[in-house]
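# Structural overview for review
Each chain, written out:
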Amino acid sequence: EVNSGGGMRSEVPKIHAVIREAYSPNFRTVVWCASAISQAHHAFWLLPEWYIKQGGYLGTPGSVWPSGNFKPPTAEEMKAYVSGLESAGVEGGRDPVLTRAFFWEAPLSARVGPTGKMVFSANDRGDMIVKPEGRALGFNAVDAVKFGIARAVASTREELLASMGVKKWVHAGADATQLL
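Residues numbered from 1 in each chain as written. Predicted model: local features only at pLDDT ≥ 70, side-chain atom pairs only at ≥ 80, totals over all residues. Heavy atoms only, no water.

Regarding its fold elements, the protein chain presents 7 helices and 8 strands. By residue count, 40% of the 180 residues in the protein chain fall in the buried class. For the protein chain, long-range pairs separated by at least 24 residues make up 58% of all intrachain contacts whose partners lie at least 6 apart in sequence. Surface exposure of the protein chain reaches about 9700 Å², of which carbon and sulfur atoms provide 54%. (Helix = DSSP H or I, 4+ residues; strand = E, 2+ residues; numbered from the N terminus. Buried < 20%, exposed > 50% of the residue type's maximum accessible area, 1.4 Å probe, protein only. Contact = heavy atoms within 4.5 Å. Areas by Shrake-Rupley, 256 points an atom, 1.4 Å probe, with all protein chains shown as cover.)

Here you go:
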């Protein structure tokens, strides 16, 4: 369950490593999002299975980038970070255009592709405008499902389990970690 307004970008690759090496090989690892802003959403972007609570939100303002002494990142640091997040997004089945859109001011549009999956474009010519020019990219619960970020809205643990189609489970936390 994620309920966070952000974090340090330097920790995101470390969290990705723990998810890849410890959790995903051993458990069905999903994101249940109440709020995942900025690095809080980046940290879990590699997971393909997201569920969002009613009233939940995910996205990034893309403007808070402390690096030790609170200077903005260099162009090289930013390029490396976005590239790493794009790779994590691809791992999670996300379109790189969508991932990059969290960091630009250009518009983002989408259309439903032939397979039923959303296809994103870095312009305002798609069937649906996801983000107008100059706005930060973020998704409320309805839009997260509409644009294929989350699989379903699930506000309670029972709704989450029903959405996942699971009957037996272990909550990822201390109990799950002890099973590793």
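Back to the write-up after that little detour.
Let us look at the packing of helix α1 (residues 12-23) against helix α3 (residues 75-91). Each pair of packed helices gets described by two things: the angle between the helix axes and the distance between those axes. The geometry of α1 relative to α3 is characterised by a closest axis approach of 11 Å and an angle of 25° between their N-to-C directions. When the interaxial angle is binned, α1 and α3 end up roughly parallel. For α1 against α3, the interelement crossing comes out left-handed. Residues Val12, His16 and Arg20 of α1 form the contact with α3, whose own contacting residues are Tyr81, Leu85, Ala88 and Glu91. Taken together, the residues that form the contact of α1 with α3 break down as 4 nonpolar, 1 polar and 2 charged. (Axes fitted to C-alpha atoms, helices over the stretch in contact; angles between N-to-C directions. Parallel < 35°, antiparallel > 145°, perpendicular 65-115°, else oblique. Left-handed = near helix turned anticlockwise from the far one by under 90°. Nonpolar A, V, L, I, M, F, W, Y, C, P; charged D, E, K, R; others polar.)

Right, let's get into the pairing of strand β4 (residues 108-112). Judged from the 3 bridges that link them, β4 and strand β6 (residues 128-131) form a sheet pairing that is antiparallel. Bridging across to β6, Leu108 finds its partner in Lys131. Pairing geometry for β4 and strand β5 (residues 118-121), over 4 bridges, is antiparallel. Looking at β5, one finds that Ala110 is bridged to Phe120. Hairpin connection of β4 to β5: 5 residues between the antiparallel strands, including Gly116 at a positive phi of 95°. (Pairing = 2+ DSSP bridges.)

The next thing to look at is the sheet that holds β4. Strands sit in the order β5-β4-β6 across an open sheet of 3 strands; the sheet is antiparallel. Both outer strands of the open sheet, β5 and β6, are each paired with one neighbouring strand and no more. With strand direction ignored, the average angle separating the axes of adjacent strands in the sheet is 35°.

Residues of helix α6 (residues 157-164) that are buried include every one of Leu160, Leu161 and Met164, and no others. Around the axis of α6, the buried residues are gathered within 95° of arc, so they sit on the same side. The outward face of α6, more than 90 degrees from its buried face, is lined by the exposed residues Glu158 and Ala162. Buried residues belonging to α6 abut β2 (31-37) and β3 (50-59). Looking one or two places after α6, you find Gly165, whose phi comes out positive at around 70°. (Arc of directions from axis to C-beta.)

Here we come to the nonpolar core. Core analysis: the biggest nonpolar cluster contains 33 residues, and Trp50, Leu58, Leu98, Phe120 and Phe139 have the highest contact counts within it. With sequence-adjacent residues up to four places away left out, Trp50 is seen in contact with Val31, Cys33, Ala36, His41, Phe44, Trp45, Leu58, Arg94, Ile149, Ala150, Arg151 and Ala152. Trp32, Tyr51, Ala152 and Met164 belong to the second-largest nonpolar core, a separate cluster that totals 6 residues. (Core = buried A, V, L, I, M, F, W, Y, C linked by side-chain atoms within 4.5 Å.)

By secondary structure assignment, the location of Glu159 is in helix α6. You can call Glu159 partly exposed: its relative accessible area is 37%.

All told, the structure shown has 7 salt bridges when counted by the stated rule. With its nearest N and O atoms 3.9 Å apart, the salt bridge here joins Glu77 to Arg9. Note that Glu77 is positioned in helix α3 and Arg9 in the loop between β1 (2-4) and α1, a separation of 68 residues in sequence. Taking relative accessible area as the criterion, Glu77 reaches 35% and is therefore assigned partly exposed. For Arg9, a relative accessible area of 14% puts it in the buried group. The salt bridge partner of Glu91 is Arg20, with a shortest N-O separation of 2.8 Å. You can see Glu91 sitting in helix α3 and its partner Arg20 sitting in helix α1, a full 71 residues away along the chain. If you follow the salt bridges from partner to partner, you end up with Arg28, Glu49 and Arg151 in one network. (Salt bridge = Lys/Arg side-chain N within 4 Å of Asp/Glu carboxyl O.)

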